Amino acid sequence: QSCHRPVGQRAGPEPGSRGLPEGVEYIPTRKKGKNPMKPVGVAWYSLYARTRLGYLFYQRQVKKARERYPHGHSVPQPCCFPGVKILPIPVLSNNYSYLVIDTGSSRAAVVDPSDPLAVQAAIEEEGVMLEAIFCTHKHWDHSGGNAVLCQKHNSCKVYGSALDAIPQLTNPLADREKVSVGCLTFEALATPGHTVGHMVYVLDGGPFGSPPCLFSGDLLFLAGCGEPFEGSPETMLASLDVAVGLGEDTLLWPGHEYALECLTFASLLELDNSALEQKLQWAVQQRQEKRSTCPSTLGEEQTYNPFLRTHRLELQEALGLWQDGGEHPDAFRARVLKEVRRRKDLYQAT
């Protein structure tokens, strides 16, 4: 079964298509004009990430999501190659956990188990033994299920960065360290920015005849990327470059279902990007049917994801940015990334 679904040709609603008079710059705004990265937002982030209030808020999120989405926010679409099965598990209101199974031995790993009940239900349905939890970062919506799952699976190990306060962490990982689960081999890559210890995990697809699979947490989404809560634009750019370096055929499994919002925003920046327009139409159709939009490929992402297009002249011109004389290309790209991020923070999907 192939995981990579071609972009659909049927047109759907186009929430991002709006004409602009010549010379008029469109800067989208959030309700009340509040930027979440202003001091109030930063204070809230500190409470969420560093105090028990964050855990209580997470518990409330779980409760509300279970009531609103008893079967998950999206229809799961398993992806199978000979010897491996990847099962997206829709959790909370827009998160994804991933159960990755070595089908030969029935050993499995889970990435970012947000809701332990949903993850445990998938484990039981698949009849597998959970050996590893790979946590991309400390935020509760990615790590909140660690403790409960470790209680149910005594031999399960929790992997992640020692730089993040990941709950129940048993096996801290260094950059480019590899971990085996059955016949599956995962490589951890340090990708700071969203948090100081953010890591992504790459499943080696070679033994299964599949492309590499990137479980990107909050580094990279379809047409988007995570907030740099604990890093500079330069840091985030370097981490995004690490992801891009994995190759165009790499399958992207993001931590959130943000495709429609991110694509709509991107379409306001690049009005004449045909790849972007086509992907947006496809995503509209997918979400109308409550179907997941993952995975995409890193090759696709580079055609429409503005956070991966900081080197593209058409995006730079759309933002009204020009490279200063003597400015290092990467310094300029970081400046482009900062402006895209600023506009995205102000944007509110309609």
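Residues numbered from 1 in each chain as written. Predicted model: local features only at pLDDT ≥ 70, side-chain atom pairs only at ≥ 80, totals over all residues. Heavy atoms only, no water.

- Looking at an unreviewed UniProt entry, one finds the protein named PNKD hydrolase and attributed to Sapayoa aenigma.
- Looking at the Sequence similarities (unreviewed entry) heading of the UniProt record, one finds this comment for the protein: "Belongs to the metallo-beta-lactamase superfamily. Glyoxalase II family." (UniProt positions renumbered as here; feature names shortened; annotations may be inferred.)

### Some points on the pattern of salt bridges
No. 1: All told, the structure shown has 21 salt bridges when counted by the stated rule.
No. 2: One salt bridge in this structure joins Arg312 and Glu314, with 2.9 Å as the shortest N-O distance.
No. 3: With a relative accessible area of 33%, Glu314 lands in the partly exposed category.
No. 4: What emerges from the salt-bridge pattern is a single network uniting Glu270, Arg309, Arg312 and Glu314. (Salt bridge = Lys/Arg side-chain N within 4 Å of Asp/Glu carboxyl O. Buried < 20%, exposed > 50% of the residue type's maximum accessible area, 1.4 Å probe, protein only.)

### Digging into the side chain of Arg333
No. 1: Take Arg333: it is sitting in helix H11 (residues 329-346).
No. 2: Given the relative accessible area of 15%, Arg333 is considered buried.
No. 3: Polar contacts involving the side chain of Arg333 include one to the side chain of Thr310, which spans 3.1 Å.
No. 4: In this view, Arg333 contacts Leu237, Asp241, Thr310 and His311; residues no more than four positions away in its chain are not counted. (Helix = DSSP H or I, 4+ residues; strand = E, 2+ residues; numbered from the N terminus. Polar contact = N/O pair within 3.5 Å; in protein donor to acceptor, adjacent residues only side chain to side chain. Contact = heavy atoms within 4.5 Å.)

### Comments concerning unusual backbone geometry
Only a minority of non-glycine residues have a phi that is not negative, and only a minority of peptide bonds are not trans.
No. 1: The step from Cys294 to Pro295 runs through a cis peptide bond, and the omega angle for that step is 5°.
No. 2: One non-glycine residue with positive phi stands out, namely Asp112, at about 50°.
No. 3: Counting through the fold element by element, Asp112 comes out in the loop between strand S4 (107-111) and helix H3 (116-126).
No. 4: Positive phi values are uncommon outside glycine, yet Ala223 reaches one of about 70°.
No. 5: Structurally, the position occupied by Ala223 is in the loop between strand S12 (220-221) and strand S13 (224-225).

### Concerning the sheet that holds strand S9 (residues 184-190)
No. 1: In spatial order, the strands read S8-S9-S10-S11-S14-S15; together these 6 strands make up an open sheet with mixed pairing. If you trace the sheet from one side to the other, it starts and ends with strand S8 (178-181) and strand S15 (296-297), each paired once. (Pairing = 2+ DSSP bridges.)

### Section: the packing of helix H7 (residues 259-269) against H11
No. 1: Axis separation between H7 and H11 bottoms out at 11 Å; the angle between their running directions is 120°. Relative to H11, the element H7 is oriented oblique. Crossing handedness for the pair H7 and H11: right-handed. Along its contact with H7, which presents Glu261, Cys262, Phe265 and Leu269, the element H11 presents Val340, Arg343 and Lys344. (Axes fitted to C-alpha atoms, helices over the stretch in contact; angles between N-to-C directions. Parallel < 35°, antiparallel > 145°, perpendicular 65-115°, else oblique. Left-handed = near helix turned anticlockwise from the far one by under 90°.)

### Structural notes on the sheet that holds strand S6 (residues 157-160)
Pairing between sheet strands relies on hydrogen bonds along the backbone, with the strands arranged either parallel or antiparallel.
No. 1: Read across the sheet, 7 strands follow the order S1-S2-S3-S4-S5-S6-S7 without closing on themselves; strand pairing throughout is mixed. The strands lining the two open edges of the sheet, one partner per strand, are strand S1 (79-81) and strand S7 (171-172).
No. 2: Of the strand pairs in this sheet, strand S2 (residues 84-91) and strand S3 (residues 95-102) are connected by 8 bridges, and their pairing is antiparallel. Within S3, the position partnered with Ile86 by the bridge is Val100.
No. 3: The strands touched by H3 within the sheet are S2, S3, S4 and strand S5 (129-134), with S2 carrying the most contacts at an inclination of about 150°.

### Some words on the packing of aromatic side chains
No. 1: In total, this model carries 16 aromatic pairs according to the counting rule given.
No. 2: Measuring from centroid to centroid gives 6.3 Å for Trp44 and Tyr48, while their planes differ by 40°, and the two rings are tilted. Residue Trp44 and its partner Tyr48 are located together in helix H1 (residues 39-50), separated by 4 residues, close to a single helical turn.
No. 3: Geometrically, the ring pair formed by Phe215 and Trp253 is stacked, given 6.4 Å between the ring centres and 20° between the ring planes. With Phe215 in strand S11 (residues 213-217) and Trp253 in strand S14 (residues 251-254), this pair connects stretches of sequence that are 38 residues apart.
No. 4: On the accessibility criterion, Phe215 (1% relative accessible area) is buried.
No. 5: By relative accessible area, Trp253 is classed as buried at 0%.
No. 6: Looking at Lys279, its charged tip hangs above the ring of Trp282, at a distance of 4.1 Å from the centre.
No. 7: When the ring centre of Phe265 is taken as origin, the NZ or CZ atom of Lys344, which lies over that ring, is 6.0 Å away. (Phe/Tyr/Trp six-rings, centres within 6.5 Å; stacked < 30°, edge-to-face > 60°. Lys NZ or Arg CZ within 6 Å of the ring centre and 35° of its normal.)

### Observations concerning a nonpolar patch on the surface
No. 1: A surface patch of nonpolar side chains, amounting to about 360 Å² of accessible area, comprises Trp44, Leu47, Leu53 and Leu56.
No. 2: The set of elements that each furnish at least two residues to the nonpolar patch consists of H1 and helix H2 (52-68).
No. 3: For Leu47, the location among the structural elements is in helix H1.
No. 4: Given the relative accessible area of 36%, Leu47 is considered partly exposed. (Patch = residues over 30% accessible without salt bridge, like charges linked within 9 Å, V, L, I, M, F, W, Y side chains within 5 Å. Areas by Shrake-Rupley, 256 points an atom, 1.4 Å probe, with all protein chains shown as cover.)

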